[in-house]
Amino acid sequence: MTSNAFIAFQTNDVTRSIVEAIVEDNPGAIVVEQPAMVKIDVPDRLVIRRTSVEEKLGRDFDLQELQLHLITISGHLDETDDEFTLSWNS
Amino acid sequence: MDMKTSKKLGLKERYTMMTRDLAWDTTYQPMDKVFPQVGYEGIKIHDWDKWEDPFRLTMDAYWKYQAEKERKLYAILDAFNQNNGHLSVTDGRYINVLKLFLGSTPPLELMAARGFSMVGRQMVGAGPRVACQMQAVDEYRHFQTQIHSISNYNKFYNGMDEFAHQQSRMWYLSDGKSFFDDAITAGPFEFMVAIGFAFEYVLTNILFVPFISGAAYNGDMAAMTVGFSAQSDEARHMTLGLECIKFMLEQDPDNLAIVQRWIDKWTWRGTRKLASVGMMMDYMLPKRIMSFKEAWEIYFEQNGAALFTDLARYGVTIPKCFAQTVEEKEHVTHQSWLGFYMKPESTPFHTWIPGPDELDWLSEKYPNTFDKYYRPMYEYLDAQEKAGNRFNNKTQPMNCQVCVNTIKYNEPGDPMEMCFRETVYQGEKFHFCSGHCQEIFEDEPEKYIQTYISSHQALQGNCAPEGVDTHAPDFNPGSHIADYWRLDPRATGDFNGSEDQKNFAAWRDLATKN
């Protein structure tokens with residue numbers, strides 16, 4: 001059975017770039033916009049790559065900055081300097 | 001030319017050095033005497049170093065990001081208040097959801113701060129100790145910022161000033177109080193399952209995600225910024241709860257049976273606590289983004305199924321109550337709002353009959369149940385109110401001995417029959433709202449016979465203001481309880497005809513005209 005990993009952010013200028021990066025790096029990503037927030041679901045595994053976010057933002061980005069904008073997550077988390085990964089059944 | 005200096009240490013190394021390497025084993029006293037609480041629940045731990053916080057957040061980074069969150073939050077709060085933001089919410093009725101939130105949520109955040117301070121001291125490993133310390137500080141921040149954001153509304157509307165006094169005394173606040181009292185008086189591992197797992201993973205996703213998105217939709221920037229700021233910490237808290245469950249299951253196969261019992265118990269307790277949150281979404285937000293039923297499907301059924309499918313590798317099965325919660329999602333919010341509507345003199349917030357378009361929205365969102373069971377009740381109560389006979393139940397409620405909800409839910413499989421369960425323990429009869437609560441009681445009766453139940457206390461003469469003779473022959477507990485609660489009469493009753501309704505309309509008028 002496929003489970004969705006997901007992440008939700010407050011909508012703002014920084015997360016617009018983060019969401020663009022997630023959509024490019026995760027084929028099958030489903031983006032749901034709700035008042036003041038945006039939620040992205042990906043089957044099994046959702047990855048946020050630092051380099052992709054930096055490219056979209058046009059500046060350096062520390063993945064721990066995600067803390068400022070996060071609303072909720074689903075999945076087991078693994079975080080390194082380069083990738084923030086949420087996964088089920090891995 | 002751009003020269004980028006590489007970081008001295010990677011995230012994993014930084015985390016290891018700043019947490020585990022700063023801890024030590026005691027030598028003057030043996031470790032099991034310094035940390036006596038981790039053993040008595042029966043959980044077996046062989047290697048505390050196997051616990052790793054997946055966020056790998058070090059204390060210095062924690063302070064940096066939390067300070068930034070606070071700056072953002074207070075900038076928005078100041079702007080909202082300076083701009084008379086309270087008059088930009090959709091409808092004066094909306095403010096009542098904040099009154100309910102104020103009484104029910106910040107005091108629980110404070111209990112969570114206390115609980116994580118305690119558990120942080122009791123855990124042996126440096127990983128969980130640091131994570132618990134951060135969570136304790138987070139919970140204290142939530143407690144303060146929630147009160148701070150609502151304090152501006154308190155300048156204008158009734159019913160908010162005595163929430164701290166009322167929290168441990170009033171009937172409808174007892175379910176949340178008992179949830180945390182139960183958790184904090186358990187051992188450290190059960191506390192982690194209760195709060196870190198059931199409360200954070202199940203409850204806060206619904207309270208702080210769709211409900212707060214709904215607050216934003218209703219123009220309340222203050223609640224939105226506080227709610228989302230809090231929830232940005234919850235992602236870390238959920239991770240801690242899940243990590244704790246995995247850690248226990250990986251450490252020893254004997255832990256499974258204990259963990260499973262806690263998962264069953266606390267998922268049910270979280271579900272019961274959510275009935276009033278669901279009611280806030282379905283009935284108290286004038287503009288709605290999704291029904292409680294839809295939120296339950298996304299955040300509990302789908303997300304919960306993902307979690308339990310994943311944990312199946314350890315032998316964990318889905319919580320026993322799962323099927324019942326799926327059946328109840330179509331009923332509990334309606335039963336809760338009807339319960340509050342029928343006690344207009346017993347809450348510091350107003351209730352009302354939903355308007356015609358709101359009844360239609362409920363019919364659309366609850367096609368299987370609303371028109372069949374609940375619309376006729378609202379139409380009857382509405383006709384009675386219009387005829388000058390607004391329903392007013394003056395009796396004491398009957399509460400469940402475990403979850404302390406008023407007993408009002410239906411028998412599984414039979415929406416027309418109220419569910420009652422009872423157990424006789426040491427010659428005394430105890431009442432429950434459900435088979436699940438009855439089972440929780442029967443597992444630990446000595447704990448739950450001590451539950452504080454407001455209506456019992458009132459009938460025993462313990463809820464009268466000082467100076468009232470509770471032994472006088474004509475003593476009537478019901479006539480003193482509002483004073484004991486310090487309930488402002490202006491804050492009670494139906495929203496129609498209330499001072500809040502008049503003031504909101506008058507001030508909004510002033511805000512748009514000269």
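All residue numbers refer to positions counted from 1 along the written sequence of the respective chain. Each chain gets a letter, beginning with A, and each ligand a number, beginning with 1, in the order they are written. A pLDDT threshold of at least 70 governs which residues receive local features in this predicted model, and a stricter bar of 80 or more applies before side-chain atom pairs are shown or counted, although totals over entire chains, interfaces and linings include all residues.

1. So, the overall build of chain B
Secondary structure follows DSSP: runs of H or I at least 4 residues long count as helices, runs of E at least 2 residues long count as strands, and numbering of each begins at the N terminus. Across its full length, chain B carries 22 helices and four strands. The quantity called the radius of gyration is restricted to C-alpha atoms. Its globule counterpart is 2.2 Å times the number of residues to the power 0.38. Here the C-alpha radius of gyration of chain B, 24 Å, is about what a compact globule of 514 residues would show, namely 24 Å. Here the C-alpha coordinates of chain B stretch approximately 75 × 75 × 50 Å along the principal axes. To sort residues by burial, count the other C-beta atoms lying within 10 Å of each one's C-beta; a count of 20 or more means buried, 12 or fewer means exposed, and anything in between means partly exposed. C-beta atoms are built from the backbone. A burial count over chain B gives 49% of its 514 residues as buried. In chain B, the proportion of contacts linking residues at least 24 apart, taken out of those at least 6 apart, comes to 76%. Whether two residues are in contact is decided by their C-beta atoms, placed from the backbone, lying within 7 Å.

2. Here we look at the overall build of chain A
In terms of helices and strands, chain A carries two helices and seven strands. The secondary structure elements of chain A, listed N-terminal to C-terminal, are β-α-β-β-β-α-β-β-β. The C-alpha atoms of chain A give 12 Å as radius of gyration, which agrees with the globular expectation for 90 residues (12 Å, within 12%). Seen along its three principal axes, the alpha-carbon backbone of chain A occupies a region of about 40 × 30 × 20 Å. The proportion of buried residues among the 90 residues of chain A is 44%. Across chain A, the fraction of contacts at a sequence separation of at least 24, relative to all contacts at a separation of at least 6, is 65%.

3. Remarks on the confidence of the model for chain B
In low-pLDDT segments, the atomic positions of the prediction should not be examined closely. Taken over all residues, the pLDDT of chain B has a mean of 92, while the share at 70 or more is 99%. With a pTM of 0.94, the predicted complex shows an ipTM of 0.91. Each residue carries a pLDDT score, the predictor's own confidence in it, on a scale running from 0 to 100.

4. With respect to the sheet that holds strand β6 (residues 76-79) of chain A
All names here are of chain A. With respect to topology, three strands assemble into an open sheet ordered β4-β7-β6, the strand pairing being antiparallel. Edge positions in the sheet fall to β4 (45-49) and β6, since each has one partner strand and no second. Adjacent strand axes in the sheet meet at a mean angle of 10° when their direction is disregarded. One bridge is not enough; two strands pair if DSSP finds at least two bridges between them. Direction of pairing for β6 relative to strand β7 (residues 83-87): antiparallel, over a ladder of four bridges. Counted as the bridge partner of H76 is S87 from β7. Angles run from 0 to 180 degrees between N-to-C directions of axes, and those axes are lines fitted to C-alpha atoms, restricted for helices to the stretch in contact.

5. Some words on the sheet that holds strand β1 (residues 4-10) of chain A
All names here are of chain A. If you walk across this open sheet you meet the four strands as β2-β3-β1-β5, and the pairing is antiparallel. At either margin of the open sheet sits one strand with a lone partner, and together these are β2 (30-34) and β5 (70-74). For this sheet, the mean angle separating the axes of adjacent strands, direction not counted, is 15°. Relative to strand β3 (residues 37-43), β2 runs antiparallel, the two sharing five bridges.

6. Considerations on the packing of helix α12 (residues 255-284) of chain B against helix α15 (residues 332-341) of chain B
All names here are of chain B. In contact at an axis separation of 8 Å, α12 and α15 are set at 85° when each is read in the N-to-C sense. By the angle between their axes, α12 is roughly perpendicular relative to α15. Only V332, T333, S336 and W337 of α15 make contact with α12, whose side of the interface consists of A275, S276, G278, M279, D282 and Y283. The residue makeup of the contact of α12 with α15, split by class, is five nonpolar, four polar and one charged. Should an angle fall under 35 degrees it is called roughly parallel, over 145 degrees roughly antiparallel, and 65 to 115 degrees roughly perpendicular, with every other angle called oblique. For this classification, Asp, Glu, Lys and Arg are treated as charged, while Ala, Val, Leu, Ile, Met, Phe, Trp, Tyr, Cys and Pro are nonpolar and the rest, including Gly, are polar.

7. Remarks on the interface of chain A and chain B
Contacts between the two partners involve 25 residues from chain A and, on the opposite side, 31 residues from chain B. Of all the secondary-structure elements, those providing two or more residues to the side of chain A that touches chain B are β1, β5 and β6 of chain A. Tallying contributions element by element places β5 of chain A first for the side of chain A that touches chain B, with five residues.

8. Describing the pairing of β7 of chain A
Residues and elements named next belong to chain A. Of the two faces of β7, only one is covered, namely that formed by F84 and L86; the face formed by E83, T85 and S87 stays uncovered. As defined by bridge partners, β4 adjoins β7 across five bridges and the pair is classed as antiparallel. The residue bridging L46 from the neighbouring strand is L86, located in β7.

9. Examining helix α3 (residues 59-82) of chain B
All names here are of chain B. Residue count minus one, scaled by 1.5 Å, sets the expected span of a helix. A rise of 1.5 Å per residue sets the reference length of α3, with its 24 residues, at 34 Å; its end C-alpha atoms lie 34 Å apart and thus fit the reference within 8%. Those residues of α3 that fall on the buried side of the exposure criterion are Y62, K69, L73, L77 and F80. Its buried side turned inward, α3 meets α6 (126-154) and α11 (221-251). Downstream of α3 by one or two residues, N84 has phi in the positive range, about 55°.

10. A closer look at the packing of helix α9 (residues 188-208) of chain B against α12 of chain B
Residue and element names in this part refer to chain B. Interhelical geometry of α9 versus α12 gives an angle of 35° and a closest axis separation of 9 Å. You can see that α9 and α12 cross each other, and the crossing is right-handed. Contact with α9, carried on its side by E190, V193, A194, F197, A198, F199, V202, L203, I206 and L207, involves V259, W262, I263, W266, T267, R269, G270, K273, L274 and V277 of α12 and no other residues of that element. Within the contact of α9 with α12, the residues separate by chemical class into 15 nonpolar, two polar and three charged. Two helices crossing with the near one rotated counterclockwise from the far one by less than a right angle form a left-handed crossing, whereas a clockwise rotation gives a right-handed crossing.

11. Regarding the environment of W24 of chain B
Tracing the backbone shows W24 of chain B in the loop between α1 (11-18) and α2 (31-34). Taking the C-alpha atoms as reference points, W24 of chain B and G125 of chain B, 101 residues apart in sequence, are found 9.5 Å from one another.

12. Observations regarding the nonpolar core
Note on definitions: a nonpolar core is a set of buried residues drawn from Ala, Val, Leu, Ile, Met, Phe, Trp, Tyr and Cys, linked by C-beta atoms within 7 Å. In this structure, F9 of chain A together with V193, A194, I206, F211, I212 and M280 of chain B are the most contacted members of the largest nonpolar core, which totals 144 residues. What A194 of chain B contacts, discounting residues up to four positions off in sequence, is A183, A186, F199 and W266 of chain B. Counting ten residues, the second largest nonpolar core, distinct from the first, contains W171, Y484, W485 and L487 of chain B.

13. A few points about unusual backbone geometry
With phi around 65°, D44 of chain A is a residue other than glycine that occupies positive phi space. Inspection of the secondary structure assignment puts D44 of chain A in the loop between β3 and β4. Overall, D44 of chain A belongs to the partly exposed group, with 16 C-beta atoms counted inside 10 Å. Its identity as a non-glycine residue notwithstanding, V404 of chain B has a phi of 65°, on the positive side. Relative to the assigned elements, V404 of chain B resides in the loop between α17 (370-386) and β1 (410-411).

14. Some points on the environment of L22 of chain B
Locating L22 of chain B in the fold gives a position in the loop between α1 and α2. For L22 of chain B, a count of 12 C-beta atoms within 10 Å puts it in the exposed group.

15. Notes on the environment of R114 of chain B
Here R114 of chain B lies in helix α5 (residues 106-122). Residues R114 of chain B and A472 of chain B, 358 residues apart in the sequence, show an inter-C-alpha distance of 40 Å.

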